[in-house]
Amino acid sequence: MIRIIGLIALFGIAMVGLAFAGLYGLSEAKLHDVSYDVAFDTPIPTDAASIEHGRHIARTRGCFGCHGQDLQGKDFGEQWDWPKRAVAPNLADYARNHDDATLEAAIRQGIGSGGRALMSMPSFNFARLTDEDTAALIAFLRSAPVVKAPLPSAELGWLVRWDIVRGAETGLDVWADAVPALEHDPETEPGLAHGEYLAMTMCNECHGLDLRGEWMWGPGPPDLYIVSALDRAEFEQIITTGTGQDGRDLGLMGLVAPDRFPELSQDEIDDLYLFLSSLEDKPVPENVFWRPE
Ligand code: HEC
Ligand code: HEC
């Protein structure tokens, strides 16, 4: 009798083990089911001005906030409970140990080294960076001193793996693909086109892939057409301090804005303001997956 119970228990343990192994295998297969754009072949500049421009891109796009002020990497630990443990790698180190195409795929396409979709890195915010700005960014990362700091390994939780397998959660390669194309022509509408470029590579991380508000996880950051209700000085104050009108706490915006946006030039703020104010007259796209009914 005891022997039979023992066998049944062993069988049960084996089945549970198999189920976890299956879930692991299927979720990894899905994460590796990615398609690349043509390999990045823009030459990486070496001159000081381009490297300084690359630093400006890194600062205003938040690389420092998430990867550490010395680019030494960062453990997000319990803050983002769903991936279990997200760990942003040491970027100065990574940039020296990976080729241009691998770096570009991580930055703009949401595909990590080894061809595995990223799960936490907001590549969709950088999907529309130009080739030149991406090359300058890579030049800067390779020039930045390597500061070593111990980092734990990243971990993906079983619930997320289950969501990936049943299609409720996707890798960020899918998000990067969904970012709308830029509409304004730099030749005929230079100010609007520049403002659109900045907003679509700085603000769509949180305000929706098309800047028109994102509600996938419940009430979120607003549709940026609201900028038309602000004057230029109020707008500058909000984005450079991350504090709302009358000192209102803006949550996540308050955390990232002071780290990223104070070094925007007056020209950049002018063009951002011009473009975002123009959203008022444009329809909000429907049927997008990040803004369900
Ligand atoms: C909101 C936080 C956040 C921001 C902003 C961010 N990253 Fe990341 N990044 C991560 C995390 C977390 C990872 C680890 C992979 C993952 O979990 O998706 C990562 C991974 C990477 C990787 C390695 C991909 C791989 O092979 O695993 C590179 C390269 C990278 N980031 C570059 C950048 C650059 C360049 C910027 C700025 C333009 C940037 N990141 C901004 C969070 C961020
Ligand atoms: C990391 C996420 C994040 C990024 C990046 C971000 N925002 Fe926000 N933003 C928020 C959140 C969160 C709020 C506040 C929502 C609330 O409490 O109403 C907000 C609020 C705002 C507001 C409304 C302020 C008010 O007084 O109600 C403006 C304007 C704004 N953001 C502009 C921008 C612009 C422009 C950019 C890009 C340059 C940007 N944000 C980038 C998260 C972000």
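Look up: the structure comes first, before these words.
All of the points below concern the structure found in this document. Remember, it's a predicted structure, so these values are computed and weren't measured experimentally.

## Considerations on the overall build of the chain
Line of reasoning, step 1. The helix and strand tally for the chain stands at 12 helices and two strands.
Line of reasoning, step 2. Secondary structure elements of the chain occur, N-terminal to C-terminal, as α-α-α-β-β-α-α-α-α-α-α-α-α-α.
Line of reasoning, step 3. On the principal axes, the C-alpha backbone points of the chain span a range of 80 × 45 × 35 Å.
Line of reasoning, step 4. Here the chain holds 293 residues, and the buried ones make up 43% of them.
Line of reasoning, step 5. Summarising the internal contacts of the chain: among those between residues at least 6 apart in sequence, 70% fall at separations of at least 24.
Line of reasoning, step 6. With the model as given, the accessible surface of the chain reaches about 15,500 Å², and the carbon-plus-sulfur share is 60%.
Line of reasoning, step 7. In the chain, 22 side chains carry a positive charge and 46 a negative one; their mean positions are 10 Å apart.

## A word on the coordination of the iron atom of ligand 2
The reference angle at a metal is 109.5 degrees if four donors form a tetrahedron and 90 or 180 degrees if six donors form an octahedron.
Line of reasoning, step 1. Within the protein, the iron atom of ligand 2 binds to His207 (NE2) and Met253 (SD); these donor distances fall in the range 2.0 to 2.2 Å.
Line of reasoning, step 2. The coordination sphere of the iron atom of ligand 2 comprises six donor atoms, whose angles at the metal cover 84 to 180 degrees; the geometry is octahedral. Of this pair, His207 sits in the loop between helix 9 (190-199) and helix 10 (232-241) while Met253 is found in helix 11 (residues 252-260), placing the two residues 46 residues apart along the sequence. An identical accessibility class is assigned to His207 and Met253; each is buried.

## Some remarks on the coordination of the iron atom of ligand 1
Line of reasoning, step 1. Within the protein, the iron atom of ligand 1 binds to His67 (NE2) and Met121 (SD); these donor distances fall in the range 2.0 to 2.2 Å.
Line of reasoning, step 2. Between the six donor atoms coordinating the iron atom of ligand 1, the angles at the centre fall across 88 to 179 degrees, so the site counts as octahedral. One end of the pair, His67, is in helix 3 (residues 63-67); the other, Met121, is in the loop between helix 5 (100-109) and helix 6 (131-143), with 54 residues separating them in the sequence.
Line of reasoning, step 3. The class of His67 is buried, set by a relative accessible area of 8%.

## Let's talk about the side chain of Arg61
Line of reasoning, step 1. In this structure, Arg61 sits in the loop between helix 2 (48-60) and helix 3.
Line of reasoning, step 2. In this structure Arg61 is buried but unpaired, with Asp133 as the nearest side chain of opposite charge at 5.1 Å.
Line of reasoning, step 3. One polar contact links Arg61 to Thr60, side chain to side chain, over a distance of 2.9 Å.
Line of reasoning, step 4. A distance of 2.8 Å separates the side chain of Arg61 from the side chain of Thr201, its partner in a polar contact.
Line of reasoning, step 5. The contact partners of Arg61, leaving out residues within four places of it in the chain, are Phe126, Leu129, Tyr197, Leu198, Thr201, Met202 and Arg260.

## Considerations on the nonpolar core
Line of reasoning, step 1. Leu211, Phe235, Ile239, Leu272 and Leu276 are the most contacted members of the largest nonpolar core, which totals 32 residues.
Line of reasoning, step 2. Listing elements by their share of this core, those giving two or more residues are helix 8 (172-178), helix 9, helix 10, helix 11 and helix 12 (266-278).
Line of reasoning, step 3. Examining the composition of this core, we find that five residues originate from one element, helix 12, more than from any other.
Line of reasoning, step 4. Mapping this core onto the domain boundaries places at least three of its residues in each of domain 1 (48-177) and domain 2 (180-281).

## Remarks on helix 7 (residues 158-165)
Line of reasoning, step 1. Listed as buried for helix 7 are Val160, Arg161 and Ile164. On an axial view of helix 7, the arc spanned by its buried residues comes to 100 degrees, and they lie on one face.
Line of reasoning, step 2. Gly167 sits one or two positions beyond helix 7 and adopts a positive phi of about 85 degrees.

## Some details on the site of ligand 2
Line of reasoning, step 1. As a matter of local geometry, ligand 2 sits amid 22 residues, with Cys203, Cys206, His207, Arg248 and Met253 nearest to it.
Line of reasoning, step 2. One nitrogen or oxygen atom from the side chain of His207 is found 2.8 Å from a nitrogen atom belonging to ligand 2.
Line of reasoning, step 3. With respect to ligand 2, the backbone of Gln245 contributes an N or O atom lying 3.5 Å from an oxygen atom.
Line of reasoning, step 4. When contributions to the shell around ligand 2 are tallied by element, the ones reaching two or more residues are helix 10 and helix 11.
Line of reasoning, step 5. If one sorts the elements of the shell around ligand 2 by residue count, helix 11 sits on top with four residues.

## Observations regarding the environment of Glu52
Line of reasoning, step 1. Mapped onto the fold, Glu52 is located in helix 2.
Line of reasoning, step 2. Overall, Glu52 belongs to the partly exposed group, its relative accessible area being 41%.
Line of reasoning, step 3. Sequence separation between Glu52 and Phe124 is 72 residues, and the spatial gap between their C-alpha atoms is 23 Å.

## Examining the packing of helix 10 against helix 12
Line of reasoning, step 1. Where helix 10 meets helix 12, the closest approach of the two axes is 11 Å, and the angle between their N-to-C directions is 110 degrees. Between helix 10 and helix 12, the interaxial angle falls into the category roughly perpendicular. Where helix 10 crosses over helix 12, the two elements pack in a sense that is right-handed. Contacts between helix 10 and helix 12 pair Arg232, Phe235, Glu236, Ile239 and Thr240 from the former with Gln266, Ile269, Asp270, Leu272, Tyr273 and Leu276 from the latter.

Criteria and cut-off values
- Throughout this description, residue numbers start from 1 for each chain and increase along the sequence as written.
- Labels follow written order: the first chain is A, the first ligand is 1, and so on.
- Local features in this predicted model are restricted to residues whose pLDDT is 70 or higher, and side-chain atom pairs enter the listing and the counts only when it is 80 or higher, whereas totals over whole chains, interfaces and linings include all residues.
- Where side-chain values are given, they derive from all heavy atoms of the structure, hydrogens and water being excluded.
- Going along the chain from the N terminus, every DSSP run of H or I of four or more residues is numbered as a helix, and every run of E of two or more is numbered as a strand.
- Residue burial is assigned from relative accessible area. The probe radius is 1.4 Å, only protein chains are included, and a residue is buried under 20% of its type maximum, exposed over 50%, and partly exposed in between.
- We call two residues in contact when some of their heavy atoms are within 4.5 Å.
- Note on areas: these come from Shrake-Rupley sampling with a 1.4 Å probe, and a residue is covered only by the protein chains present in the view.
- This count recognises Lys and Arg as positive and Asp and Glu as negative, with His and chain-terminal groups excluded.
- The atoms used to mark charge sites are NZ of Lys, CZ of Arg, CG of Asp and CD of Glu.
- Counted as coordinating are nitrogen, oxygen and sulfur atoms within 2.8 Å of the metal, or 3.2 Å for Na, K and Ca, while water is not included, which may make sites look incomplete.
- Each label reflects the angles at the metal, where four donors whose angles all fall between 85 and 135 degrees are tetrahedral, four or six donors whose opposite pairs open beyond 155 degrees and whose other angles stay between 65 and 115 are square planar or octahedral respectively, and the rest are irregular.
- Any carboxyl oxygen of Asp or Glu within 4 Å of a side-chain nitrogen of Lys or Arg constitutes a salt bridge here.
- Side-chain atoms alone can form a polar contact between residues adjacent in sequence; in general such a contact is a pair of N or O atoms within 3.5 Å, and within protein one must be able to donate a hydrogen while the other accepts it.
- Throughout this description, the term nonpolar core refers to a set of buried Ala, Val, Leu, Ile, Met, Phe, Trp, Tyr and Cys residues connected via side-chain atoms within 4.5 Å.
- What fixes the domain bounds is an automatic or database domain assignment.
- Directions pointing from the helix axis toward each C-beta atom define the arc.
- We call a residue near a given molecule or strand whenever any one of its heavy atoms falls within 4 Å of it.
- Angles shown run from 0 to 180 degrees and are taken between the N-to-C directions of axes, each axis being a line fitted to C-alpha atoms and, for helices, limited to the stretch in contact.
- An angle below 35 degrees is treated as roughly parallel, one above 145 as roughly antiparallel, one from 65 to 115 as roughly perpendicular, and anything else as oblique.
- By convention, the crossing between two helices is left-handed when the near helix turns anticlockwise from the far helix through less than a right angle, and right-handed when the turn is clockwise.

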